[in-house]
Amino acid sequence: MSWPGTFKMAECGASGSGSSGDSLDKSITLPPDEIFRNLENAKRFAIDIGGSLTKLAYYSTVQHKVAKVRSFDHSGKDTECDHEPPYEISVQEEITARLHFIKFENTYIEACLDFIKDHLVNTETKVIQATGGGAYKFKDLIEEKLQLKVDKEDVMTCLIKGCNFVLKNIPHEAFVYQKDADPEFRFQTNHPHIFPYLLVNIGSGVSIVKVETEDRFEWVGGSSIGGGTFWGLGALLTKTKKFDELLQLASRGQHSNVDMLVRDVYGGAHQTLGLSGNLIASSFGKSATADQEFSKEDMAKSLLHMISNDIGQLACLHARLHSLDRVYFGGFFIRGHPVTMRTITYSINFFSKFDLLEMDRLERPLVSLPLLLDPPSYVPDTVDLTDDALARKYWLTCFEEALDGVVKRAVASQPDSADAAERAEKFRQKYWNKLQTLRQQPFAYGTLTVRSLLDTREHCLNEFNFPDPYSKVKQRENGVALRCFPRVVRSLDALGWEERQLALVKGLLAGNVFDWGAKAVSDVLESDPHFGFEEAKRKLQERPWLVDSYSKWLQRLKGPPHKCALIFADNSGIDIILGVFPFVRELLLRGTEVILACNSGPALNDVTHSESLIVAERIAGMDPVVHSALQEERLLLVQTGSSSPCLDLSRLDKGLAALVRERGADLVVIEGMGRAVHTNYHAALRCESLKLAVVKNAWLAERLGGRLFSVIFKYEVPAE
């Protein structure tokens, strides 16, 4: 079989969750080496061959750029007078594991296998796992072409295990639809309690499976009328052979030109029967009597409605028969087209075609914070932008207007790179296109939140090899703040106890002003390089603050010390060094152990774990309280497992969660707009918590009832 030249492919990426994949709103044409990327480094393969489509997964290794920091040797130097940077920065190549997922029509399977065979270089396996009916049909062809032994897996077991994994671990992959509601559907968060449920898998035909536990499930029914029926009958009716083209025809059609509706049968009397006049009484009913030609679009739409309605009714009857109130629809027929979902569950178009997906492996497992009050009900995001049209319009515009500054910063971070400007322009175009897609289809990539907009921007920057655009800014600001640290601590120590507590909190808040992700702040920092800690304090709202629990917090401090505080830090420079560390130091002096958690990877000017280690080392050289706490492991610096300006407490590094349990943390401090306002503002914990931030966005401040640089200081104690 000859190679078709190019494939028409579309990319789809998982929202959030660290995926490096992309989601495109329309099909793109790619050459084969762009589809089977990193094939020369492929190690293992798995393949699912259905009646019409082949799904291929392979694991390979890829190189990408990462920013590394390394401490200088400062032994014997006066750090307060030392004006050289506190550490050096280097950009290095790192190898990571990546999963690739590809879909293509079975028509091309031989050509695809030929291409794979010609590009296999470093595979580690002699076996390819295969499932689906095609695992039997194409077994000999696969073994002949790839020289790999086919190891067949049971298709139903693979399907259910995969579905269980997605439902338990991947948020926003399932949704509930309510017609004419606002919003029309709600995404489900992942949770451990998913059983029992009915799975309706729509491929070429339809399989219906009752799933009771992880390992107990049974096939309870099905139908020969599925995606293959739509494809086959559609090809006969319209002479269109391509599945995607049939779906496009259907999206432009009007089924009521072909279908006989209830109002066509009963006229106005349908209301007396309690029926909607728009219900389909007979699919293709008008074609038998009407003396006219019907358009391809109308026939494709009618056919899609007929098959989808049949599947929906079948699913409903099986759910009632087995007393199940949870039904999940899956399969490519669902993912491929909005009308199918709308007809079956009256859903809308938010899934792109699942043709190509790439996902990088996390080196460390992520788990929920043990201190969450009810992990299954925890939702990180404060506002769902799919739910709030006014907020959605504002934030999309906000991210569009900030794009030039991000591009400028990305180029400036790599002054010695000849192609930095070109890569930055590609980043701009990709992120801009995503924002425009979201204006038209807010559900295009799953739930839309400020967090998802920020995380998507970070993913796009990484894709075009800008691993840490703010690395030089952070290096400079950390150096300046370190030189100020001794003076700040001396002035705090000179205060009386009660006055010092307020000064410490104001220092935390003033430090949080230094956020390059906020346009109001970045404009000030760009125009006034001398804007510093004292100037930031003067920017703060006077008490009473917008949210003010300080008096309650002060009263708590007059009681016994906390056993262990978990603090999620925000920004580098003044924030971590002059705001967070003096606060940490005071807790240590009270006899409280401290776990200081920082991002595993870079995002904006947020402090990373590797940077915090160097900063702590430098501070320990100046301050005996911090020095002894580090040596005695009463102060522990850990990574969060995140590379986001926001914070998802259900996806934290497993080591951090274990430490929280081991040390018996009874206070959680979350600082910053991204971590304490855009996310976690309503998070319920099983211990005391402090959520504090300066609102550095005028629109958001006004919406919250305040003004720019309003203060949120939210101290919460769990109910007994």
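Residues numbered from 1 in each chain as written. Predicted model: local features only at pLDDT ≥ 70, side-chain atom pairs only at ≥ 80, totals over all residues. Heavy atoms only, no water.

## With respect to the layout of surface pockets
Part 1: By volume, the second largest pocket is sized at about 720 Å³.
Part 2: A402, W516, G517, A518 and K519 are, among the 35 residues lining the second largest pocket, the residues nearest its centre.
Part 3: Listed by contribution, the elements that provide at least two residues to the lining of the second largest pocket are α12 (389-412), α14 (450-463), α17 (519-527), α24 (673-678) and α25 (698-703).
Part 4: Among the elements that take part in the lining of the second largest pocket, α12 stands out by supplying 10 residues, more than any other. (1 Å grid on protein atoms, 1.4 Å probe; cavity = no way out; pocket = protein on both sides within 12 Å on 5 of 7 lines; lining within 4 Å. Points joined across faces, edges and corners; volume = space filled by probe spheres on them. Helix = DSSP H or I, 4+ residues; strand = E, 2+ residues; numbered from the N terminus.)

## Focus: the packing of aromatic side chains
Part 1: Throughout the structure, instances matching the rule amount to 15 aromatic pairs.
Part 2: Considering the side-chain rings of F45 and Y58, the 5.6 Å spacing of their centres and the 35° angle between planes classify their relative orientation as tilted. Taken as a pair, F45 in strand β3 (residues 42-49) and Y58 in strand β4 (residues 53-71) lie far apart in primary sequence, 13 residues in all. Of the two residues, F45 and Y58, both sit in the buried class.
Part 3: Pairing W395 with F399 gives two aromatic rings, centres 6.5 Å apart and planes at 55°, and the pair type is tilted. (Phe/Tyr/Trp six-rings, centres within 6.5 Å; stacked < 30°, edge-to-face > 60°. Buried < 20%, exposed > 50% of the residue type's maximum accessible area, 1.4 Å probe, protein only.)

## Examining the packing of helix α15 (residues 471-493) against helix α21 (residues 609-620)
Part 1: Running from N to C, α15 and α21 point in directions that differ by 20°, and their axes come no closer than 11 Å. One finds that α15 runs roughly parallel with respect to α21. In this structure, α15 meets α21 at a crossing whose hand is right-handed. In contact with K474, N478, L482 and F485 of α15, α21 contributes E611, V615, R618 and I619.
Part 2: Here the residues of the contact of α15 with α21 are counted per class, giving 4 nonpolar, 1 polar and 3 charged. (Axes fitted to C-alpha atoms, helices over the stretch in contact; angles between N-to-C directions. Parallel < 35°, antiparallel > 145°, perpendicular 65-115°, else oblique. Left-handed = near helix turned anticlockwise from the far one by under 90°. Contact = heavy atoms within 4.5 Å. Nonpolar A, V, L, I, M, F, W, Y, C, P; charged D, E, K, R; others polar.)

## Re the pattern of salt bridges
Part 1: Under the definition given, this model contains 40 salt bridges.
Part 2: Measuring nitrogen to oxygen at the nearest pair gives 2.7 Å for the salt bridge that ties D388 to R703. Taken together, the residues D388 in the loop between β17 (366-367) and α12 and R703 in helix α25 connect sequence positions 315 residues apart.
Part 3: By relative accessible area, which is 18% here, D388 ends up buried.
Part 4: According to the relative accessible area criterion, R703 is partly exposed, its value standing at 39%.
Part 5: A salt bridge links D493 to R585; its shortest N-O distance comes to 3.0 Å. In this pair, D493 sits in helix α15 while R585 sits in helix α20 (residues 574-589), placing the two residues 92 residues apart along the sequence. (Salt bridge = Lys/Arg side-chain N within 4 Å of Asp/Glu carboxyl O.)

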